[in-house]
Structure formats: structure tokens, C-alpha cells
Amino acid sequence: MSAKMDQSVSTVIRERHSVRKYVANYKIAREEIESILNGAILAPSSSNLQPWRFIIIDNEDVKKELRLIANNQEPIETSSAVIAVLGDKEMYKNIEKVYRSGYEAGYMDEENMNRLMDNANRLYPNISEEVRKNIASFDAGLVSMQLMLVAKEMGYDTVPMGGFDKVKFIERFNVSERYEPMVLIAIGKAAAPPFKTTRIPVKDIAEFI
């Protein structure tokens, strides 16, 4: 069973490529996008505080507006939807919800719940916003990669885009100061084969000690 699962993951990883040409009239049901997000949010995060939020833009007129904010990148408009991944710089506000949920699910006893909440409450509110932003950025990368792999497993293609005006995005979508836009992920059906790339060999970038 595990070998089969490993092969499946390996295949998805090798078949996923960034796609920039999409079938413009292809629509993905919102229920499917929610299913992809449900898989994505199983990604790990610092202290399991899950410092991410998502804005899904699938309205055609709004996508046209977003394209202007995102350096006129074609996938913004032609993909089925664009998922904006936001980082939560005040992830400590999730502490009680996260750990109490784990307790109620039976994954920890009350003593461990209180210990974890106390530790997190001592740490996260007292570190700088810059450090919290870095944590949120790192964790947003984890959830974004998982999102793209889940999408590929479901037969959809994606491309992550960091080139957009974050100030204008915040203004247009009324993003509160708590959240930082991290990346836009276009998702849809490929209209043309992706431009494939190579990788630096592992022997050139890794060493065993």
C-alpha cells in the first residue's frame, strides 16, 4: 500500500509543471476548489498555527482587474480561478482555536492543550512583526506547494506568481493589516504543453556529513 502511495506522489511531483496557457472558457466548480484547499491545508506549519488565508477570484470581471495589478500576466485572466495565498502575521490569535480543536478531537489531553497554549502565547505575541511575517511567508510556501500538488492530482494545472503589486492588491481586495499577500496561484486546464525545465543535480547542491 505504501509503495503504491509513494509512486502516486512521485508521479504527481514529476508531472506538475508551471502552466501559463489555459483553456479560457474552462470552469472549475467551487466545490472542487474547496476540495483542493482542504487537501492543501493539511500542510505543516509553525506550531500548527496555520497562518494562511485564501481569496479565490473566479469572477471574470474581477480577474481582468487583477491582471492589471499582476503585471498583465495572461494566466490571471485565462485560468479558471486565481487563488491568492495570504500570510497571517498575527497567527497567535489562532492559538486557542487550534489547540482546543485538537483537544476536542481527542488528539491531546487537557494538560497538553494548556501547556501548548501557554508556550505559544509566551512566544508568538512577543516576537517582532518581521519575524512573524517570515514565519507566515515560509508556511505560505508550504501550503502553496501542497495546493499545487493536490490540484495536479485532481487533473488541474497551476502556476505560482509572485509578480504583482501587493499594495494595490491590498487596496482592491480590502485586505486587513493582519494579512500579507504572498503569492497568486492560477489554476485551470492547460491549453498548451508547459515549458519544461531542468534542475541542478542533487550531487552539486547537497552533502552528507
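> Can you walk me through the overall build of the protein in this structure?
Secondary structure summary: the protein contains nine helices and four strands in total. Listing the helices and strands of the protein from first to last along the sequence gives α-α-β-α-α-β-α-α-α-β-α-β-α. Once the C-alpha set of the protein is aligned to its principal axes, its extents read approximately 55 × 45 × 35 Å. Counting only residues that meet the buried cut, the protein has 39% of its 209 residues in that class.

> Can you help me understand the nonpolar core in this one?
Buried together is how nonpolar side chains tend to be arranged in soluble globular proteins. If you look at the biggest cluster of nonpolar residues, it comprises 33 residues, and the most contacted ones within it are I36, Y99, L147 and I187. The set of elements that each furnish at least two residues to this core consists of α2 (30-40), β2 (81-88), α5 (95-104), α6 (110-123), α7 (129-153) and β4 (179-188). Broken down by element, this core gets its largest block of residues, eight residues, from α7. Listed in part, the 20 residues of the second largest apolar core include L86, F164, F169 and Y179.

> For this particular structure, what's the right way to read a nonpolar patch on the surface?
A surface patch of nonpolar side chains, amounting to about 340 Å² of accessible area, comprises I200, V202 and I205. Within the fold, V202 resides in helix α9 (residues 202-205).

> What is the right way to read the pattern of salt bridges from this model?
Oppositely charged side chains may form a pair once their charged atoms are brought near each other. Applying the stated criterion across every chain, the model contains 14 salt bridges. Notably, a salt bridge pairs K27 with E60, separated by 2.0 Å at the nearest N-O pair. Of this pair, K27 sits in the loop between α1 (2-15) and α2 while E60 sits in helix α3 (residues 60-69), placing them 33 residues apart in sequence. Take K27: its relative accessible area is 44%, and that puts it in the partly exposed class. Across the pair D58 and R30 runs a salt bridge, and its minimum N-O distance is 2.8 Å. Here D58 is found in the loop between β1 (52-57) and α3, whereas its partner R30 is found in helix α2, with 28 residues between them in sequence. On the accessibility criterion, R30 (55% relative accessible area) is exposed.

> Any chance you could explain the packing of α2 against α7 here in plain terms?
Two measures define how a pair of helices packs: the angle their axes make with one another and the distance between the axes. At a minimum axis distance of 8 Å, the contact between α2 and α7 shows a crossing angle of 130°. Taken together, α2 and α7 sit at an angle that is classed as oblique. Like other packed secondary-structure pairs, α2 and α7 cross with a definite hand, here right-handed. Taking contact as the criterion, the partners of I36, L37, G39 and A40 in α2 are, on α7, V143, Q146, L147, V150 and A151. In terms of residue class, the contact of α2 with α7 is made up of seven nonpolar, two polar and no charged.

> For this particular structure, what's the right way to read the environment of K168?
Considering the arrangement of structural elements, one finds K168 in helix α8 (residues 166-172). Under the relative-accessibility criterion, K168 is labelled partly exposed at 46%. Considered as a pair, K168 and L66 are 102 residues apart in the sequence and their alpha carbons are 9.3 Å apart.

Conventions used here
Residues numbered from 1 in each chain as written. Predicted model: local features only at pLDDT ≥ 70, side-chain atom pairs only at ≥ 80, totals over all residues. Heavy atoms only, no water. Helix = DSSP H or I, 4+ residues; strand = E, 2+ residues; numbered from the N terminus. Buried < 20%, exposed > 50% of the residue type's maximum accessible area, 1.4 Å probe, protein only. Core = buried A, V, L, I, M, F, W, Y, C linked by side-chain atoms within 4.5 Å. Patch = residues over 30% accessible without salt bridge, like charges linked within 9 Å, V, L, I, M, F, W, Y side chains within 5 Å. Areas by Shrake-Rupley, 256 points an atom, 1.4 Å probe, with all protein chains shown as cover. Salt bridge = Lys/Arg side-chain N within 4 Å of Asp/Glu carboxyl O. Axes fitted to C-alpha atoms, helices over the stretch in contact; angles between N-to-C directions. Parallel < 35°, antiparallel > 145°, perpendicular 65-115°, else oblique. Left-handed = near helix turned anticlockwise from the far one by under 90°. Contact = heavy atoms within 4.5 Å. Nonpolar A, V, L, I, M, F, W, Y, C, P; charged D, E, K, R; others polar.

These figures come from the coordinates and say nothing about function on their own.
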